[in-house]
Each structure stands twice: as structure tokens, then as C-alpha cells.
Number of protein chains: 2
Amino acid sequence: MSGIVDLAASVGVSPATVSRALRGLPGVSDSTREAVRAAAVRMGYVASPSASALPTGRTNAIGVLVPWISRWFFTTLVDGAQKVVSEAGYDMLLYPVGIASGKPHRIDTRVLSKRVDGLLALSVHPIPEEQAELRRFRSPVVTVGPVTAGVHSVNIDDVFAGRDAAEHLISLGHTRIAFAGGDPADKFGFPVAPDRYTGICNALLAHGITPDPRLQVPAEFVVGAGHLAFDRLWDLPERPTAIIAASDEIAMGVLYRAHLRGVRVPEDCSVMGFDGHDMSYLFGLTTISQPVREQGRVAAALLIEMMASSAAQEPQSITMPTQLVVRSTTGPA
Amino acid sequence: MSGIVDLAASVGVSPATVSRALRGLPGVSDSTREAVRAAAVRMGYVASPSASALPTGRTNAIGVLVPWISRWFFTTLVDGAQKVVSEAGYDMLLYPVGIASGKPHRIDTRVLSKRVDGLLALSVHPIPEEQAELRRFRSPVVTVGPVTAGVHSVNIDDVFAGRDAAEHLISLGHTRIAFAGGDPADKFGFPVAPDRYTGICNALLAHGITPDPRLQVPAEFVVGAGHLAFDRLWDLPERPTAIIAASDEIAMGVLYRAHLRGVRVPEDCSVMGFDGHDMSYLFGLTTISQPVREQGRVAAALLIEMMASSAAQEPQSITMPTQLVVRSTTGPA
DNA sequence: CTGTTAGCGCCTTCAG
DNA sequence: CTGAAGGCGCTAACAG
């Protein structure tokens, strides 16, 4: 375990010079710098991040707050961010947050701010405690998903996306359009599914169709939730002619269950989802796709830019476009 | 940003006492400990990891080397490991490794060993440089997947799994059994797909069937690779009656392509995969399932146990069971 | 261009 | 049970 002192001694310079040489700081002659570099490689020396974090106050790492790392949406965001982060020379700390256990993010600003130079918070819940905690964070913060006032964010327009989905079905002649999504037990007001539903309702109303509340059934963002949602909708006295699921994963569950019950898609019922899941094409699923990996990249890039320029910027909200992808699960009413 | 000195002053004790009190070390009176704790909470004090890493040499973090975070297998491993890691109070650093770019792991032992107390290496390639680097690592290392001599590992028996898959098809009367997997361009000898194929061949031979090399077509571990693989197999003069894909994802691609070309599964051709992907049931996919999340948990637990007990243990290899899951994509020949 | 001198914030002997 | 002193490995301000 050679330290900076050993290296300095072996080259015949002071530790300070080694530090300057290796970090590319000015004020070192080319020959000295080269000698130091060569010796560092030869001895396998790398500065200890912990040790240099002390005087500089910079850890050279960013933290990522993730609710469910195993869900496609988050995995893909992290994947997008990771490339940018590692290319910028930062390490990435992954922090699970407690939504999975029915509780919202548990952001412990104190430890975190001593561990990382910046924070990427995915799908932050719009509850005051959580948002306040995020704003209290001393280093730059970027969120992906629901907007937190005073914090930079990358997102899509869920209301618009919902409208687009409904417009597609309406143009196919559907009027009894159901929605599978939203969680009545959610005490934290996570807005994604509700926003998408709002967009749907807006579109219906704009076409003179009154939204039927019975056609809205709850569903978490998992495949399994689609099974139950389909059953509830299909057992209704007046069935829908089309189902919009709050995510592609839910839609996949809907399709599965429909198939099992002998319901033909799209002849008996159209189905569509949101997100543009990598596998949705396997099901021929019509969807409102969003650039998930790209959002991860953009958020990470913004974060890194903020960390570089210490000047505090006006919080900005970057909204990325969504796109209707028509496949074979939607058809005429 | 209150430090340990401020806290100590506010309680009226020395920094040393604060340190002992907060870390639960013996030699502090209950009353003092409580007073310190209360003050810490009140002032929002948490010890800086960087600062305490310096004297102790422990960073309180573990590193995870991941080739492709967005692939289901790795995501699920990380998910399993994460719970264990965070519950043990460690932070998790995610390191992308360069396999994606056609290069093997680039393990920079030097930085890493100053950043983390332990390493979880997923799907390490069996090339000497990489394995040597892993063994050189000073802190505990656990791998998941291919075994590295001298390093603890968690894995499954891929040869056995392959044999099981083939046995299932043979028992259904199949003799022309194809395999979609393996990468001829792989210069690093990643053994998973080859091992599975070896198991298949063993089973065939045990039943007096000579493996036909033309029935083995390459496929990376992605859905898209299944398309091409199916086409190549189905355009053969003598078609197979069953296809074993090296992973469920490849199998999904095979199914998609088969469906597109009007090939009925399993009437015209049986299809099965490996891994037990969360979504494989949606396709009725028969598979050899492995406990992926559990492997992540077990590997993380082993790693943490090693970090706790400084005593070096004999490297062990934990092999987890696989299981045939019969669904509807396999049937009589 | 380079070395010297102080810390960064915490932990850990060793006294008391 | 508690405090004082020294050091972990590196960086930063100041000399030279």
C-alpha cells in the first residue's frame, strides 16, 4: 500500500509536487510530471479518495436514490446515467429508498452529503418532508420524474401523454375507454398514474365523452397488477372496448389475462400502455413511449455540469418528448 | 456542517468520548452515551465516512462490478444483494465493467481497494489477467457466476442445467434438438452458454443421439439475438423439432420470430430457455430456472460475513439448485 | 517551479 | 469511565 510519501521519496520530490503532477495542476515542469507519472504507474499508486476528500471536501462520487432497482424503468434510468457518470470520472453510489415498504424516500441528507458530491433522485414523492429534505441538501440535486419545486428535474408530460393515448383510441372509434393504474392506498400522492388518467379524461371530455369512473381500476406498476385489473374490468356489466394501462408492464399483465380468458386483442378489446418497455414489441403492444435511458443520461449530465460549475443556477425542468407507437394491440372499436 | 468537535463541546465531553459513545464502544457511562446521542440527533451530526475511513482503513462500502446493469439477470442479482448490503449498513458502489464494449472486466484494483471494503464481481471472465487482478485485491471478494480459482463464488451448475433441459425434451420424444447460444466472437471464454450446451450434448449422447453441430447457432444474451437464431435454424434443410435457447430472453426472441413466421409452438417446434426470467410465464415459456435474486443475497451475505471476520477462510464455491419449470412452449415431438 | 507547514475530521493508543 | 496527544493520506497556502 504505497502512499504519496513513498512515491514522492522514490522520485525525489515532495508530496505536494506529486499531488500537483498527478492531478494535472499547473506549476510543474514537464519532466517532473512525467517522472511522477511513470513512478505512479510503476508503483501502482492511486490517491486514496477518502484521504483527498478530507481537504477538498469533494468525494468524487454521486448518489442515486432508487425506489425499485429491479423495475425496468429504474434500471434503464440508472443504465443511462451510469455511462455519463463513469465517463466523467465519478463513482456511483446506489441507495435503495423505502417506497417498496410503503414508506416514501428516506433521504438521510446528513450522511449522504458527506458521501457524495451530487444526488440523482428518481421518482421522488411529492410529500413536503421528502421535498424539503431534498432542498436542504447542500450539493447539487437533479430529480427524474415528478417535479420538486426548487430542484432541477428531468421528466415527461404525463398529462399530455395520457391525452395522446386516449386520442389514439378515440380516433379508432372507442368511447368506453378504461384505465388500469393508480393506487388508492398511496398516501404520498405519487402523481404519474393520476396525471396520465387526467390526460385521458381531458381527451374524452374534449370529444364529448363523459369519463366513467367505474372504468378506472387501480394497479401498481407491475405485471401482476394487470391480471387483476383486467378481471375487474371484464367482469363489469358494461365492458370497456379499450384499456389503457398506466405502464407497459401492467399492459402485459392485461394482455396475458385477456389471452387466458379467450378475449381477442384487439378485436374484442384494444390494449395499450405507457413507457416503451424494451419488450413491449414482443407483444405487439401499442404504447406511449418515453426516452427513459436518455432521461437518465440527461439528468446525469445536468448534475455533473452543476457540480463542475459551482455557480448556483436557476432550477430548470427539462421535459422530454413522448411518442405514440402504434402496434397491433389497438384496433377499431 | 457540525463536526465531532462541535458536538463534543456542546455536550461538554471530549471528541474521543463522542466517538466511543456513537459507535457503541464500551467504556462510556450510560448517561454520557445518551447525552451524546441526543445531542447528535439534535445537531444532525453524522460522522464523515471519508474522515473515519482514514484512521480505520474501512470505507463502509462494498463495490459491485456489473457488466450490463440493464439486463434482467444482473439487475436481479443487484436487487438481491442490495437489500443485504444496505441492511448491514454498507453503501453500494456500482461499477460498470467494459464487457459491453467487447473488452473484459477492467478491474482497477488500486482505486477500488481504497474505495470499498469488499467486492462483488458479477460474471467475471475466466481470463488470467482478470482473475489475477481479482485475487490481488486485498479485501474480500465474492463472485457470482463463473468460478475463479482462489476466490469465493456463488453459482449454478450450468452443465447440469443443460442436461436437465435436454432430458426434458428427449423425454418428449425429441431428437433433433437445437441450441441458440454462445458467441463465436467471444475471445474471453465466457463459459455459461458453452457449459449449458455441453450438458445438452451429454444428455443427447447418453440417449444414443449424436449432437448435430449444424443445430448450434450463436446468440448473445439478448432478445434480439433470438430472432436471427430462429431464422438460421428454421432455414436449415433439416429443421430441428425443438430449440433450447441459452437464456429466456433469447427464447423470447425465438418465440416472437416463430410466431411471425407462422410456426406453431410447440406443435411445429418446442422452445425452452434458461434462467427463469420474471416475464417468462407471460409467454408460457418452459425454462430451467435459477434463483437469481437469491444468489445475489447469498453472495452479499457471504461477502459481509467475510468482511466482519477478518480471519481468511478457505475459498468456497456455493452452488445453488436449478429447476425445470414446464409450461406450454414444449410438447411432444 | 518546488518544498514547507498546517490542517481536513475522525479514531486510537496511552494516561489518568 | 474519560481526556490528551498523535496520526491516517492528502491538499492548500505560503515561502522561496
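Residues numbered from 1 in each chain as written. Chains lettered and ligands numbered in written order. Predicted model: local features only at pLDDT ≥ 70, side-chain atom pairs only at ≥ 80, totals over all residues. Heavy atoms only, no water.

A. Seen up close, the relation of the copies chain B and chain A. Mapping chain B onto chain A is achieved by rotating through 180° and translating by 0.0 Å along the same axis, at an RMSD of 0.0 Å. The transformation just described matches what one would write down for a two-fold rotation axis. The share of interface residues of chain B whose copies in chain A are also at the interface is 100%, consistent with both copies meeting through the same surface. (Least-squares fit on C-alpha atoms with pLDDT ≥ 70 in both. Contact = heavy atoms within 4.5 Å.)

B. Region of the structure containing the interface of chain B and chain A. Contacts between the two partners involve 45 residues from chain B, matched on the other side by 45 residues from chain A. Taken over both partners, the interface formed by chain B and chain A buries close to 4,200 Å², and the fraction arising from carbon and sulfur atoms is 65%. For the pair chain B and chain A, the number of links is two salt bridges. We note a salt bridge from Asp91 of chain B to Arg115 of chain A, for which the minimum N-O separation is 2.5 Å. Across the chain B-chain A interface, the total number found is 14 residue pairs in polar contact (both at pLDDT 80 or more). Listing elements by their share of the side of chain B that touches chain A, those giving two or more residues are helix 4 (49-56), helix 5 (72-87), strand 2 (91-96), helix 6 (109-115), helix 10 (223-234) and helix 11 (248-260) of chain B. If one sorts the elements of the side of chain B that touches chain A by residue count, strand 2 of chain B sits on top with six residues. (Buried area = accessible area lost by both parts, 1.4 Å probe. Salt bridge = Lys/Arg side-chain N within 4 Å of Asp/Glu carboxyl O. Polar contact = N/O pair within 3.5 Å; in protein donor to acceptor, adjacent residues only side chain to side chain. Helix = DSSP H or I, 4+ residues; strand = E, 2+ residues; numbered from the N terminus.)

C. The state of the cysteines, seen in detail. Residue and element names in this part refer to chain A. In total, this model carries zero disulfides over all chains according to the counting rule given. Free cysteine: Cys201, not disulfide-bonded; nearest cysteine sulfur from Cys269 at 17 Å. Taking the relative accessible area as the measure of exposure, Cys201 reaches 13% and is therefore buried. (Disulfide = S-S within 2.5 Å. Buried < 20%, exposed > 50% of the residue type's maximum accessible area, 1.4 Å probe, protein only.)

D. Here's a closer look at unusual backbone geometry. Residue and element names in this part refer to chain A. At the junction of Val265 and Pro266, the peptide bond is cis and its omega measures out at 5° in the coordinates. When you line up the elements, Pro266 lands in the loop between helix 11 (248-260) and strand 9 (270-275). The phi dihedral of Asp275 falls on the positive side, at around 115°, and the residue is not glycine. In this structure, Asp275 sits in strand 9.

E. Here's a closer look at the nonpolar core. With 92 residues, the main nonpolar core has Ile244 of chain A together with Ile244 of chain B as its most contacted residues. Sequence-distant contacts of Ile244 of chain B, that is, excluding residues within four places in its chain, are made with Ala165, Ala166, Leu169, Ile177, Ala178, Phe179, Ala180, Ile200, Met272 and Phe274 of chain B. Within the second largest apolar cluster, 62 residues are counted, among which are Met306 of chain A together with Val78, Leu120 and Ile304 of chain B. (Core = buried A, V, L, I, M, F, W, Y, C linked by side-chain atoms within 4.5 Å.)

F. Representation of the pattern of salt bridges. This model, assessed by the stated rule, comprises 32 salt bridges over all chains. The shortest N-O distance in the salt bridge between Asp79 of chain B and Arg293 of chain B comes to 2.8 Å. Of this pair, Asp79 of chain B sits in helix 5 while Arg293 of chain B is found in helix 12 (residues 292-308), placing the two residues 214 residues apart along the sequence. A residue is classified by how much of its surface remains accessible, and Asp79 of chain B, at 10% relative accessible area, is buried. Its salt-bridge partner being Glu133 of chain B, residue Arg136 of chain B comes within 3.0 Å of it at the nearest N-O pair. Placement of the pair is Arg136 of chain B and Glu133 of chain B together in helix 7 (residues 128-136), with a separation of three residues, close to one helical turn. Judged by relative accessible area, which is 52%, Arg136 of chain B ranks as exposed. With relative accessibility at 19%, the residue Glu133 of chain B sits in the buried group. Through salt bridges that share partners, Asp231, Asp235, Arg257 and Arg261 of chain A make up one connected network.

G. Summary view of the protein's contact with DNA strand D. Contacts to DNA strand D come from 26 residues, most closely from Ile4, Ser19 and Tyr45 of chain A together with Thr17 and Thr32 of chain B. Here Ala51 of chain A contributes a backbone N or O atom positioned 3.2 Å from a base nitrogen of DNA strand D. Taking Thr32 of chain B, its side chain carries an N or O atom lying 2.6 Å from a phosphate oxygen of DNA strand D. Sorting the residues of the surface near DNA strand D by element identifies helix 2 (15-22) and helix 4 (49-56) of chain A together with helix 2 (15-22) and helix 4 of chain B as the ones contributing at least two each. Counting residues per element, the surface near DNA strand D draws most heavily on helix 4 of chain A, at five residues. The residue inventory of the surface near DNA strand D, partitioned by class, reads twelve nonpolar, eleven polar and three charged. (Near = heavy atom within 4 Å. Nonpolar A, V, L, I, M, F, W, Y, C, P; charged D, E, K, R; others polar.)

H. A look at the packing of helix 1 (residues 4-11) of chain B against helix 3 (residues 30-43) of chain B. Residues and elements named next belong to chain B. Close contact between helix 1 and helix 3 brings their axes to 10 Å; oriented N to C, the two are set at 125°. Here helix 1 lies oblique to helix 3, going by the angle between them. As for the relative orientation of helix 1 and helix 3, their crossing is right-handed in sense. Packed against helix 1, whose contacting residues are Asp6, Leu7, Ser10 and Val11, the element helix 3 presents Ala35, Val36, Ala39, Ala40, Arg42 and Met43 at the interface. Broken down by class, the residue content of the contact of helix 1 with helix 3 amounts to seven nonpolar, one polar and two charged. (Axes fitted to C-alpha atoms, helices over the stretch in contact; angles between N-to-C directions. Parallel < 35°, antiparallel > 145°, perpendicular 65-115°, else oblique. Left-handed = near helix turned anticlockwise from the far one by under 90°.)

I. Here's a closer look at empty space enclosed by the protein. For the structure shown, the criterion picks out three cavities of 30 Å³ or more. The calculated volume of the largest cavity comes to roughly 160 Å³. Taken together, 16 residues line the largest cavity, and the ones lying closest to its centre are Pro49, Ser50 and Arg115 of chain A together with Ser50 and Arg115 of chain B. Only helix 4 and helix 6 (109-115) of chain A together with helix 4 and helix 6 of chain B provide two or more residues apiece to the lining of the largest cavity. Classifying every residue of the lining of the largest cavity by side-chain character gives eight nonpolar, four polar and four charged. (1 Å grid on protein atoms, 1.4 Å probe; cavity = no way out; pocket = protein on both sides within 12 Å on 5 of 7 lines; lining within 4 Å. Points joined across faces, edges and corners; volume = space filled by probe spheres on them.)

J. Quick look at the packing of aromatic side chains. Enumeration over the complete set of coordinates arrives at eleven aromatic pairs over all chains. Ring plane angle 85° and centroid distance 5.3 Å describe the contact between Phe73 of chain B and Phe74 of chain B, whose orientation is recorded as edge-to-face. Judged by centre distance (5.3 Å) and plane angle (15°), the rings of Phe230 of chain B and Trp234 of chain B are stacked. Of this pair, Phe230 of chain B and Trp234 of chain B both sit in helix 10, four residues apart, roughly one helical turn. Directly above the ring of Trp68 of chain A sits Arg71 of chain A, whose terminal nitrogen or CZ lies 3.8 Å from the centroid. (Phe/Tyr/Trp six-rings, centres within 6.5 Å; stacked < 30°, edge-to-face > 60°. Lys NZ or Arg CZ within 6 Å of the ring centre and 35° of its normal.)

K. Summary view of the pairing of strand 10 (residues 286-289) of chain B. Residue and element names in this part refer to chain B. Every second residue of strand 10 is oriented toward a common face, with Thr286 and Ile288 on one face and Thr287 and Ser289 on the other, all of them buried. One ladder, built from four bridges, connects strand 9 (residues 270-275) with strand 10; its direction is parallel. Residue pairing for strand 10: Asp275 is matched across the bridge by Ser289. Looking at chain direction, strand 10 and strand 12 (residues 323-325) are connected through three bridges and run antiparallel. Paired with Ile288 across the bridge in strand 12 is Leu324. (Pairing = 2+ DSSP bridges.)

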